[in-house]
Amino acid sequence: MLTDLNHLTLATNNVNKSFAFYTEILGFKPLALWDNGAYLQLGSLWLCLSYDKRHITEDSDYTHYAFSLSANNFETFKQHLLSHGITAWKENKSEGDSFYFYDPDHHKLEAHVGDLKSRLEACRQHPYSGMQFFDEDKNND
């Protein structure tokens, strides 16, 4: 059975440019770098950057990767990204502060204040259309 997220692999057109973005701008810890890839770490997240010349960008897809940060660091981090010319791809409309931005290969990323618990609490107050909630105790049997 699956137990947790193992790693994320992102296709990149330029390993060195992506490596610099993730380590120097976002603060990932570099673990390994080679001609066609890199291994990085952020907390317990293992991120693999892998060269792929076939990488295609698609703006209509909502697929994105979100990273956590504290509320007191949100505005500073957002301004840090903007000062590096990082562009937003979406305005936040959900619970908790979020800044949605692109990496050098046009992967969609998000810096988010909050967690699953705070999101579910907000959704219980203002549910999405047709939203159902499941009793957590029954799912843990």
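Residues numbered from 1 in each chain as written. Predicted model: local features only at pLDDT ≥ 70, side-chain atom pairs only at ≥ 80, totals over all residues. Heavy atoms only, no water.

The name recorded for the chain in an unreviewed UniProt entry is VOC family protein, from Proteus cibi.

Novice: Describe unusual backbone geometry, listing the residues and the values that go with them.
Specialist: Phi at His106 is positive, roughly 70°, even though this residue is not glycine. Positionally, His106 belongs in the loop between strand S7 (98-102) and strand S8 (108-112). (Helix = DSSP H or I, 4+ residues; strand = E, 2+ residues; numbered from the N terminus.)

Novice: Run through the packing of aromatic side chains, naming residues and quoting values.
Specialist: Taken as a whole and judged by the stated rule, the model has eight aromatic pairs. On the numbers, 5.3 Å between centres and 90° between planes, the contact of Tyr22 with Phe28 is edge-to-face. In this pair, the class of Tyr22 matches that of Phe28, namely buried. Note on Phe99 and Phe101: the rings are 5.8 Å apart at their centroids and 15° apart in plane angle, and the pair reads as stacked. Judged by its relative accessible area of 7%, Phe99 is buried. On the accessibility criterion, Phe101 (1% relative accessible area) is buried. These aromatic residues form a ring-pair network of at least three members: Phe21, Tyr22, Phe28 and Phe67. The side chain of Lys90 reaches across the aromatic face of Tyr100, ending 4.8 Å from its centre. Sitting above the plane of the Trp89 ring, Lys108 keeps its charged end 4.9 Å from the centroid. (Phe/Tyr/Trp six-rings, centres within 6.5 Å; stacked < 30°, edge-to-face > 60°. Buried < 20%, exposed > 50% of the residue type's maximum accessible area, 1.4 Å probe, protein only. Lys NZ or Arg CZ within 6 Å of the ring centre and 35° of its normal.)

Novice: Would you mind going over a nonpolar patch on the surface in detail, with residue names and values included?
Specialist: On the surface, Leu31, Trp34, Tyr39 and Trp46 cluster together to form a nonpolar patch covering roughly 380 Å² of accessible area. Tracing the chain through its elements places Trp46 in strand S4 (residues 45-51). When its relative accessible area of 33% is taken as the criterion, Trp46 is described as partly exposed. (Patch = residues over 30% accessible without salt bridge, like charges linked within 9 Å, V, L, I, M, F, W, Y side chains within 5 Å. Areas by Shrake-Rupley, 256 points an atom, 1.4 Å probe, with all protein chains shown as cover. Salt bridge = Lys/Arg side-chain N within 4 Å of Asp/Glu carboxyl O.)

Novice: Would you mind going over the sheet that holds strand S1 (residues 8-12) in detail, with residue names and values included?
Specialist: Across the sheet, four strands lie side by side as S1-S4-S3-S2; this open sheet has mixed pairing. Of all the strands in the sheet, the pair left with one neighbour each is S1 and strand S2 (29-34). Here the strands of the sheet are splayed against their neighbours by 20° on average, with no regard to which way each runs. Relative to strand S3 (residues 37-42), S2 runs antiparallel, the two being bridged by five bridges. Across the sheet, Ala32 pairs through a bridge with Tyr39, a residue of S3. In this fold helix H1 (residues 15-25) packs onto S1, S2, S3 and S4, with an angle of close to 175° to the strand it touches most, S2. (Pairing = 2+ DSSP bridges. Axes fitted to C-alpha atoms, helices over the stretch in contact; angles between N-to-C directions. Contact = heavy atoms within 4.5 Å.)

Novice: Account for the sheet that holds strand S6 (residues 88-90), naming residues and giving values.
Specialist: In spatial order, the strands read S5-S8-S7-S6; together these four strands make up an open sheet with mixed pairing. Of all the strands in the sheet, just strand S5 (65-68) and S6 have a single pairing partner and so form its edges. Across the sheet, the mean angle separating the axes of adjacent strands is 35° when strand polarity is ignored. Bridge count for S5 against S8 is four bridges, and the pairing is parallel. Among the inter-strand pairings, Ser68 is bridged to a residue of S8, identified as His112.

Novice: Give a description of the side chain of His112 that names residues and reports values.
Specialist: You can see His112 is positioned in strand S8. In this structure His112 comes out as buried when scored by relative accessible area, which is 10%. A distance of 3.5 Å separates the side chain of His112 from the side chain of Glu110, its partner in a polar contact. (Polar contact = N/O pair within 3.5 Å; in protein donor to acceptor, adjacent residues only side chain to side chain.)

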